[in-house]
Amino acid sequence: MGESRLIPPRRLTAEAFAPFGHVLTTPLQSGRWYHGDLIENRRPEAQLDLSFTSVEPAALPFPLRLFERHAYSAQAFVPLNVSRYLVTVCPDAGTDRPDPLRAVSFIAESDQTVVYAPGTWHHPMVALDRPGRFAIVMWTAGDAGDEELVPLDAPDALVVTDHDLPSD
């Protein structure tokens, strides 16, 4: 087994996440805020899809297993009942494959919604502390363009660490 690359997680902020999509924080005051334009769609034949997922908790350090992307649609994860959760993204390697050596991880709080931009490589959702439930909003056409999955060759070579979060 080779040496692992440790990825220290950072606090999730809109500015730090901007190259990969958007971060929305649930407002504390009464009212309604619209963000439907952030769920970008690049295929006219696609249908809006709303789904729900439950995620068992995992502890840090956490080995990364695979990356996925949705080339034609943004994908929003809206926390319904979750504590903190791990968001890991990476750029494209220029070959329509993820570049896991440039992966970055963020710790999201329960009031933060993540919207991955179309084509953003990301690890599946990882709940921390306790099980988590999310609503997922994206566009789907029922074909191979909806989702690409790329397993990592050596999943224990990339590990999100459990070191203290740096103060950004």
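Here, the structure is the one placed above.
Residues numbered from 1 in each chain as written. Predicted model: local features only at pLDDT ≥ 70, side-chain atom pairs only at ≥ 80, totals over all residues. Heavy atoms only, no water.

## Points about the pairing of strand β9 (residues 104–108)
With four of five residues buried, β9 is to be regarded as a mostly interior element. Here strand β2 (residues 10–11) runs beside β9; their pairing, made up of two bridges, is parallel. Residue pairing for β9: Arg11 is matched across the bridge by Ile107. When strand β8 (residues 85–90) meets β9, the two strands line up antiparallel, connected through five bridges. Counted as the bridge partner of Val89 is Val104 from β9. (Buried < 20%, exposed > 50% of the residue type's maximum accessible area, 1.4 Å probe, protein only. Helix = DSSP H or I, 4+ residues; strand = E, 2+ residues; numbered from the N terminus. Pairing = 2+ DSSP bridges.)

## Looking at the pattern of salt bridges
One pass over the structure, following the stated rule, counts eight salt bridges. Ionic pairing is found between Arg84 and Asp129, a salt bridge with its closest N-O pair at 2.8 Å. Of this pair, Arg84 sits in the loop between β7 (75–81) and β8 while Asp129 sits in the loop between β12 (126–127) and β13 (132–140), placing them 45 residues apart in sequence. Its relative accessible area of 49% is what places Asp129 among the partly exposed residues. Here Asp99 ties to Arg102 by a salt bridge, and the two come within 3.2 Å at their closest N and O atoms. Classification of Arg102 by relative accessible area gives partly exposed; the value is 47%. Sharing partners across several salt bridges, the network here consists of Arg69, Asp92, Asp96 and Glu148. (Salt bridge = Lys/Arg side-chain N within 4 Å of Asp/Glu carboxyl O.)

## Concerning the sheet that holds β7
Taking strand neighbours across the sheet as the criterion, the five strands line up as β3-β10-β7-β13-β4 in an open arrangement whose pairing is antiparallel. Strands with a single pairing partner mark the edges of an open sheet, and in this sheet they are β3 (21–25) and β4 (47–55). Taken pair by pair, the neighbouring strands of this sheet meet at an average axis angle of 20°, ignoring direction. Two elements, β3 and strand β10 (residues 112–116), share five bridges in a ladder whose sense is antiparallel. Looking at β10, one finds that Gly21 is bridged to Tyr116. (Axes fitted to C-alpha atoms, helices over the stretch in contact; angles between N-to-C directions.)

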